[in-house]
Amino acid sequence: MQPSYLHPLDAVDIAMPTAFTYPYRYSPHRLSVIAAQSVMSRLALKPPSEGKMYGVLVVRDADKMAFLAAYSGQQQGSYGDSWFVPPVFDYLQPDGYFMHEQAAIVALSHQIAAWHRRPERISLEQRKHQLETVRETAVAAAKDAYTRTRGQRTVAESQYLKANLHRARQLNATELTAVAHMLEGDNAALQRLQAERRSRSESLQQWLFAQFEFLNASGGRSLLTDLFPAGKIPSGAGECCAPKLLQAAYRLGVQPLCMAEFWWQHYDATPSDRISGCYYPACNRKCRPILDFMLQGLAVEPDPADYYNKVSPSIQPQLIWEDEWYAVVSKPAGWLSVQGLAQLPSVEDYARLRWPEATGHMVVHRLDQDTSGLMLLAKTAEAHRKAQWLFEHRHVKKSYIALLERPLAQSSGCISLPLLPDIDNRPRQCVNCQYGAEAITRYQVLEPYDASTGQRIAFYPLTGRLDRPYDRYGRFAFGLSRAEGKAGSHHQDHPLRGGELCPHDRPRHRNADLRH
């Protein structure tokens, strides 16, 4: 009998992918898009109460195409919707060990809360506060009297004021000691409850991690606890869409072909920094150690960023201008600005070899790896300090030239977004209205749109390093605030042509046309 979560996919005219989706950077395959649209249509009929990541996995079942769908985590505290794949491990069974232990931990929390509310404890805490307040007031008054009369009093008056300060510091000491002793005994019992709750919580978490066993295409099995180094397992690991989907496919014995994940939320749900209906990569922190195991045995697409490792050594920075203090070079796309963890060419290395007599830091500012353009280098520490001061105080004007995949409705304007590094998907930035740093960039269309080459546009960043002409979704973004102060900004879908970090449906180009 076919399971309720294996859905037919009518896409006979679409060629199957030759390799499985590289989940950390991808453009969704057309089959994945069709499957995702089916899920979105279902969600639109009965909108979920909260924003959530959803995912689809297109599979081959014998000679038929089908797809699986999943959501991240739980839906309203359960896994009850059988239209979606089951979890890797269902720990929410009402009579299961997890729910039994969780109920015991919740009961301990109630006991701890009730302990804090006991009239005897509240009375002791209030009395302790009163006594300490009286003493602190007396000490402050004694100190003031001692300081105010300095140099104007006799020896006897000084001795009296010192003694008065000493008496103030000892005020209510006997009663405070008694109250503190009673609270100490009360705290000992409270700490035993807290220690028991902490111990049971940690034990339950470790027990839960040990129940997650993952499969891969080679027939291998691995526990969650074996996939993370030093046992540092983030909360929620194994509950994301991609692990759920692959696990369901391996259990059913169907062949995974391609996958995609997207964010979905109702228009009146709590605002999020993600955009409903947009595709996102699998996260590195929680998913990568798991997926790296689960994908073993599948032919997976190469990482689109692998081209960085193939940068031709014959392509070198070009010297544009120099004097005894500074040099200006043209950085090729694919080169790093400064040395990185990977053994890739950088302008910093180039500069050290070309000017071995230079002192101090040479790189005054940076350009993204994909970006070609002019970089200022300093030959002395003093020159570097002065140039950085100019950048820091915004005396340097910068411009970027880019090609957009689609035409803009406006010929000029301003992007204003609060940006923050996306810790799960570096080097991308994310829009975060609570913690993001203001990033303002003006733009100006330079040439009319051409279907074969795109539209050439100039960007003029006005703030700092976080200014990017694209956000983490790879789209050109207009900073038009939503009504009623809702978080986020309206984004228009205008990907940079050839951007390696910009996932969209158009073919990727090896050489990004983004110039500084």
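In the block above lies the structure referred to throughout.
Residues numbered from 1 in each chain as written. Predicted model: local features only at pLDDT ≥ 70, side-chain atom pairs only at ≥ 80, totals over all residues. Heavy atoms only, no water.

Draft legend 1. Region of interest: the overall build of the protein. Regarding its fold elements, the protein presents 10 helices and 18 strands. In the protein, buried positions account for 44% of the 516 residues. Summed over its atoms, the accessible surface of the protein is roughly 27600 Å², and 52% of this surface lies on carbon and sulfur atoms. (Helix = DSSP H or I, 4+ residues; strand = E, 2+ residues; numbered from the N terminus. Buried < 20%, exposed > 50% of the residue type's maximum accessible area, 1.4 Å probe, protein only. Areas by Shrake-Rupley, 256 points an atom, 1.4 Å probe, with all protein chains shown as cover.)

Draft legend 2. Representation of the sheet that holds strand β2 (residues 52–61). Pairing is antiparallel in the open sheet, where five strands are placed in the order β1-β3-β2-β6-β7. The open sheet is flanked by β1 (7–8) and β7 (279–280), the only strands paired with a single partner. As paired elements, strand β6 (residues 255–264) and β7 share two bridges and run antiparallel to each other. Bridge pairing in β7 links Glu261 to Tyr280. Sheet contacts for helix α1 (residues 30–45): β2, β3 (64–71), β6 and β7; angle to β6, the most-contacted strand, approximately 45°. (Pairing = 2+ DSSP bridges. Contact = heavy atoms within 4.5 Å. Axes fitted to C-alpha atoms, helices over the stretch in contact; angles between N-to-C directions.)

Draft legend 3. Highlighting the sheet that holds strand β9 (residues 326–331). Spatial ordering of the open sheet is given by β8-β9-β10, a layout of three strands whose pairing is antiparallel. Each edge of the open sheet is held by one strand with a lone partner, namely β8 (318–322) and β10 (373–378). Taking the axes of each pair of neighbouring strands and ignoring which way they run, one obtains an average angle of 25° across the sheet. The pairing of β8 with β9 spans four bridges and is classified as antiparallel. In the strand pairing of β9, Leu319 is matched with Val329. In the packing of helix α10 (residues 381–392) onto the sheet, contacts are made with β9 and β10, and the angle to β10 comes to roughly 135°.

Draft legend 4. Quick look at the pairing of strand β12 (residues 412–421). Note that β12 and strand β14 (residues 437–445) share eight bridges and pair antiparallel. Bridge pairing links Leu417 to Ala439 in β14. Bridge count between β12 and strand β13 (residues 429–431): three bridges; the pairing is antiparallel. Looking across to β13, one finds that Leu420 is bridged to Cys430.

Draft legend 5. Structural view of helix α7 (residues 241–252). When the terminal C-alpha atoms of α7 are compared, their 17 Å separation across 12 residues agrees well with the 16 Å that a helix rising 1.5 Å per residue should span. The element α7 is largely enclosed, with a buried count of 10 among its 12 residues. Taken as a whole, α7 has its buried residues at Cys241, Ala242, Pro243, Lys244, Leu245, Leu246, Gln247, Ala248, Ala249 and Tyr250. Close packing links the buried residues of α7 with β2, β3, β4 (213–215), β6 and α8 (288–294). (Expected span 1.5 Å × (residues − 1).)

Draft legend 6. Structural context of the pattern of salt bridges. Under the counting rule described, the total for this entry stands at 14 salt bridges. Across the salt bridge formed by Glu447 and Arg456, the nearest N and O atoms sit 3.7 Å from each other. Since its relative accessible area comes to 41%, Glu447 is described here as partly exposed. According to the relative accessible area criterion, Arg456 is partly exposed, its value standing at 22%. Overlapping salt bridges bring together Glu101, Glu196 and Arg200 as one network. (Salt bridge = Lys/Arg side-chain N within 4 Å of Asp/Glu carboxyl O.)

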